[in-house]
Every structure is written in C-alpha cells, then in structure tokens.
Amino acid sequence: MDLREEALQMRLDIHGVLESRCKYPLNNGHDLAVAYTPGVAEPCKEIKVKPDMAFEYTCRGNLVGICTDGTRVLGLGDIGAAAAYPVMEGKAVLFKRFGGVDAIPICINEKDPDKFIEIVKSLETSFAGINLEDISSPKCYDIEDKLKEIMNIPVFHDDQHGTAIAAVSAVLGALRFVKKDIKTAKIIINGCGAAGSAIGRLLVSMGAENVIFAGRRDALYEGCDWGRPLDRIQTMLSKVTNKNKEKGLLKDLAVGADALIGVSSPGVFTEDIIKSMAPDSIVFGLANPVPEAMYDYAKAAGARVAGTGRSDAPNQVNNVNVFPGVFRGAFDVRATEINEAMKVAAAYAIANLIDEKELREDYVVPNAFDKRVAPAVAAAVAKAAVESGVARKIVDPEEVRKHTEELLAPYYD
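Our subject in this report is the structure included herewith. (Residues numbered from 1 in each chain as written. Predicted model: local features only at pLDDT ≥ 70, side-chain atom pairs only at ≥ 80, totals over all residues. Heavy atoms only, no water.)

### Here we look at the pattern of salt bridges
Turning to step 1, where the next piece is worked out: One pass over the structure, following the stated rule, counts 28 salt bridges.
Turning to step 2, where the next piece is worked out: Glutamate 42 is the salt-bridge partner of lysine 45, the closest N and O atoms lying 3.2 Å from each other. Here lysine 45 and its partner glutamate 42 are both found in helix 3 (residues 41-49), three residues apart, which amounts to about one turn of the helix.
Turning to step 3, where the next piece is worked out: Its salt-bridge partner being glutamate 124, residue lysine 121 comes within 2.7 Å of it at the nearest N-O pair.
Turning to step 4, where the next piece is worked out: Given the relative accessible area of 32%, lysine 121 is considered partly exposed.
Turning to step 5, where the next piece is worked out: When its relative accessible area of 11% is taken as the criterion, glutamate 124 is described as buried. (Salt bridge = Lys/Arg side-chain N within 4 Å of Asp/Glu carboxyl O. Helix = DSSP H or I, 4+ residues; strand = E, 2+ residues; numbered from the N terminus. Buried < 20%, exposed > 50% of the residue type's maximum accessible area, 1.4 Å probe, protein only.)

### Brief notes about unusual backbone geometry
A negative phi angle is the norm for most residues apart from glycine, just as the trans form is the norm for most peptide bonds.
Turning to step 1, where the next piece is worked out: Along the chain, threonine 37 connects to proline 38 via a cis peptide bond; the corresponding omega equals 10°.
Turning to step 2, where the next piece is worked out: Along the chain, the position of proline 38 falls in the loop between helix 2 (29-35) and helix 3.
Turning to step 3, where the next piece is worked out: A cis amide bond, omega 10°, links serine 137 with the succeeding residue proline 138.
Turning to step 4, where the next piece is worked out: Among the structural elements, proline 138 can be located in the loop between strand 3 (129-132) and helix 7 (139-150).
Turning to step 5, where the next piece is worked out: With a phi close to 55°, asparagine 315 is a non-glycine residue in the positive phi region.
Turning to step 6, where the next piece is worked out: Checked against the element boundaries, asparagine 315 lands in the loop between strand 9 (305-308) and helix 14 (323-332).
Turning to step 7, where the next piece is worked out: Given the relative accessible area of 4%, asparagine 315 is considered buried.

### Describing the sheet that holds strand 7 (residues 259-262)
Turning to step 1, where the next piece is worked out: As summarised here, the arrangement of the five strands in space is 6-5-7-8-9, forming an open sheet in which the pairing is parallel. The two strands at the open ends of the sheet, each matched to only one other strand, are strand 6 (211-214) and strand 9. Averaged over neighbouring strand pairs, the angle between their axes works out to 15° when direction is ignored.
Turning to step 2, where the next piece is worked out: Both strand 5 (residues 187-190) and strand 7 contribute to a ladder of four bridges, which runs parallel. When the bridges of strand 7 are listed, asparagine 190 appears paired with glycine 262.
Turning to step 3, where the next piece is worked out: Contacts between helix 8 (residues 158-178) and the sheet are confined to strand 7, strand 8 (282-285) and strand 9, with strand 8 contributing the most and set at about 160° to the helix. (Pairing = 2+ DSSP bridges. Axes fitted to C-alpha atoms, helices over the stretch in contact; angles between N-to-C directions. Contact = heavy atoms within 4.5 Å.)

What is shown is where atoms sit, not what they do.
Below is the structure:
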C-alpha cells in the first residue's frame, strides 16, 4: 500500500482524524445535573454579567477556529471549502498534539472577502482565537487585517506568519552556524506571495537590511515593472527592501548572496545559481511537496547549509514548530492579538533552542518532535504579549512553559 492509498484508507477506517471528548464523567443523574440542567444555568448567569468568564467556564478559552474558504489549499490551489476539510482537520490535530490547543475546522463556502469577514466575525463568541488558513492572496491580507481590527481575540494567518516565523528561525540558526550577521547578510527571497512577503516583513522587523525579492521579470524595488500592478503588501515591501535597487532575474540577484529562500516553484534553484552565491551559503527551498532545490542537490551544488519543508531531509522548516506554541502562549495570557513582538519572540525562541556547541550544517532547525519547542515558543510569546500590552492576564512566562510541558507530557512519557 503506497502513501496515497494509506492516507485514504486510514480516513475511511476511522472517519477522519478528529473527535470531541467529554472531560467530565456522566455516570449518574447527579453528574448530568451538574454538567447540564439545572446546573448549567449557573455559568450562563455568570457569563451574562461578565462575558469574559466564558473563557474560564467553557472550552472557549482553549479553542481555535481554523477558518478557510478553500481558495489556496496546500499545493492544490482553489479546490473549494469542502475539499479543504481534511487539511483543516489535520491542522486541528497538530494544534492538540503539539500545543495542547483544541481546534475546530470551519470550512466556509464563501469566496467574497467581505462576506467571509462577516461570517468569521460572527464566530468570535465561540473561540479564543482564529487561525486563517489556505486563503488566496492578495485577499488574505485584507481579510486578516480587517478581522484583526474588528475582533478582540487573536487572528493569525498561518500561511503568512507561521511560515515566516519557521523560515526566519531557520535562517537565524544557519547564520549563527556560518557566523554571519542578519543585519548585513544579503538575503534573496524568491516569491512574494503570502508566505514570501511575510518572511520579508519579519526579516526587516528583525533588523535585516539587505533583503531582496526576486520576481519573474525583475527584482522588487520602488518603481519596478513586474508587468502588473503590485498588491499593497508588495508596494510596501518595495520601499523597505532592496534599497540599492538591484535589478535582474534570480540568477543575477543570487550572485554573492549569503542566503536564498524559496517560496515559489519546484526546481528553480539550479546548480549554477547556488554555485554563484557567497561562501558558506544558505539555501532553503520551501515549495511543497517538491522544493526549489532538494536537500542533497543544494548541498552538492555547494550550499553550506540547506533545508526544505520536507520531513525526509535534515533542517525541515515546518510550521508545526510555530502555530501550536504561538496560540498556547497567547491563550495562557488571554492576549487580544498576535503582534509583531510576539512573532519576533517566537522566531528567536525556536532558533535559540539549539545551543552554539550543538549547531551543525545539518542541524540548524529543531526537529518537529523536539519536546522543547512548544513550551519555549509559548513562554516567549506570552512574555512578549505581556510586555507589549496585549495580555489580559499577567502570567509568569515560566508558568506558561510549565503548563505547556504538562499538557504535552502524555505524548512524550
């Protein structure tokens, strides 16, 4: 049985990978009276007086709504909301397994962004946070920005920010290994869609001063001609990246580059391109399932550090290192949003898990099953939320770390 057959048969056998669970025993009439009527009226009355007590009296305080319109699913494109359900269900399992966070797939059959926003906004009283997933760009930017503006719970587009945090943490680890400075390193990003643009924005937030986006016709810079209008995020990035206005295609821009990040198309990082980079070069091809350069290919071409999004090669850049811990930390301090300071904190938390003495060319990224990742991310995110003023509860970051470790202990014992 190949992987395709196994993936289909497993879901047929167990009817999906997610289920709900009763946390309180229902063994007799008394149990029923406490869990449901008449006892259930008491928390209802408390919440009516103090609405925020819903986070304490119900499962809402640990619940994410994973919302999609199915317009850009994995490498499958616009397959619709119903066909996107297995991905959202799988994401919910990852939230639980790697962050102790409960999650529910919300597959919304609505492609109009204004109507989609209205639907998600109406769900606010059911969740502690919203994870946006697999929504096409550029409308994903407007959807996230509007929901962040009108909702008082964290809204996080994982395809943008989860990918960015994972990629930047890998770059940080690789730069530490090759002893280069993020401020001065020449970093080329091939692809300026949702993921690529978020990677660029986060790098700039973290002090990178020589970031350049490669497009199909030219580099991105203020006044460039891409043969079509730039979206508003690309326009913003054109003003804060490529300050020397370098021009040319990927093969031109890569000459002398310290790092090359791909969020574009399979196989576009050729041997000649990698060979033209600076000594001790870093190559991360993140297109899935086939990257811009496979790990072995990039290494053979001369990259000192290479990585992909695949689990069958070293230095896997994986969002699962990010979103479970980010939401765990945000929930534990009941944050109203996930801001830039929290994203930066998460990237450093992941990168710094690997001690200087442990760094190797094939180990600059923690493994997805490294039990330290989610607790470290959660603690760092919680600390940043408190310090940046978006936390509604003040909790010691070490308590957040311990809480996360306790939630995940059954998976590692």
